[in-house]
Amino acid sequence: MLILLPPSEGKTPAAKGSAVDWESLSFPELNSYRTKVLDALGLVSAHEDALALLGVGASLKDDVERNTRLHAEPAAPAHQVYSGVLYDALGYKSLTAAQRRKAVESILVVSALWGAIGFGDRVPAYRLSMGTALPDVGRLASFWKPQLAQALASRVEGELLVDCRSSTYAAAWAPPAAQTVSVNVFSESNGKRTVVSHFAKHTRGELARHLLSRRGKVPGTPEQLLKAASEMWTAELAEGTARKPHTLSIILPN
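Residues numbered from 1 in each chain as written. Predicted model: local features only at pLDDT ≥ 70, side-chain atom pairs only at ≥ 80, totals over all residues. Heavy atoms only, no water.

We now examine the pairing of strand 10 (residues 192–195). Of the pairings in the sheet, the one linking strand 9 (residues 180–189) to strand 10 comprises 4 bridges and is antiparallel in character. Across the sheet, the residue bridging to E188 is R193, located in strand 10. (Pairing = 2+ DSSP bridges. Helix = DSSP H or I, 4+ residues; strand = E, 2+ residues; numbered from the N terminus.)

This part is about the side chain of R66. Topologically, R66 is positioned in helix 3 (residues 61–66). Not counting chain neighbours up to four residues away, the residues in contact with R66 comprise P13, E73 and A125. (Contact = heavy atoms within 4.5 Å.)

This brings us to helix 11 (residues 222–229). At 3.6 residues per turn, the α-helix brings residues three or four places apart onto the same side. When we look at burial in helix 11, the residues that qualify are P222, L225, A228 and A229. All buried residues of helix 11 fall inside an arc of 115 degrees around its axis, so they share one side. Opposite its buried face, helix 11 presents the exposed residues E223 and K227, each directed more than 90 degrees away. In this structure, the buried side of helix 11 is in contact with strand 8 (161–163), strand 9, helix 10 (198–213), strand 11 (234–238) and strand 12 (246–253). (Buried < 20%, exposed > 50% of the residue type's maximum accessible area, 1.4 Å probe, protein only. Arc of directions from axis to C-beta.)

Counted by the stated rule, this structure contains 8 aromatic pairs. A ring pair is formed by Y82 and Y126, whose centres lie 6.4 Å apart and whose planes are at 85 degrees; its orientation type is edge-to-face. With Y82 in the loop between helix 4 (78–81) and helix 5 (85–90) and Y126 in the loop between strand 5 (122–123) and strand 6 (133–134), this residue pair connects regions lying 44 residues apart in the sequence. The pair formed by Y82 and Y126 is uniform in burial state, with each residue classed as buried. Geometrically, the ring pair formed by Y92 and F119 is edge-to-face, given 5.8 Å between the ring centres and 85 degrees between the ring planes. Of this pair, Y92 sits in the loop between helix 5 and helix 6 (97–106) while F119 sits in the loop between strand 4 (115–118) and strand 5; the two residues are 27 residues apart in sequence, bridging distant segments of the chain. Both residues of the pair, Y92 and F119, belong to the buried class. An aromatic cluster is defined as three or more aromatic residues linked by ring pairs; in this entry it consists of W22, Y82, Y87, Y92, W114, F119 and Y126. Directly above the aromatic system of Y126 lies the positively charged group of K11, at a separation of 4.4 Å from the ring centroid. (Phe/Tyr/Trp six-rings, centres within 6.5 Å; stacked < 30°, edge-to-face > 60°. Lys NZ or Arg CZ within 6 Å of the ring centre and 35° of its normal.)

Take a look at the structure:
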């Protein structure tokens, strides 16, 4: 089983430490593409209109300024750098040692800057969304799509993929549909269901934690994933097609 996560919008910079070691990152064959994105990001971030070009507000000025020196910024494991609702709900720090090892082995983060990285890969904090277009790179989801398809093919072979990414990050890579389960979260009141956003992130983080910490066999099929999710929530599974992944719907009471 592999759990696919988006990065968090907010990130926690490492206070000290060495810079990113490119060769130690998962999928080093992506490094030339990572360098291209990082260099383009640095140029945009140094522009006088950087905040507007990156689509962020004035409160993120320091984050954008940090983008100009990412080659030298201290790096930390992804599970420390990524923060926010989903990652708080996952709660890596409070997992047992065995569960932490399982998290590092089982979680892949699809990133606008790095393409895809492992949960234990050391990276600096940065500010960049997959929905951004950069000079000489273009729209990042389109840029990464062919690269990730090639780089991740052997890693995901034979694995059940639990896709907890948002639609923005799902656009960067379409994993094999037959072995993928997308996770949706709904709120239900008086028989009517509505899509939730904040609680979707939280629930996806809780699902990832549950899959890492529960006893028993790791889910290897969509049906086994449904059974595991049903230990915590009301859940339903919609079968996929040759091109469309299965869908796990978690239903939250309103």
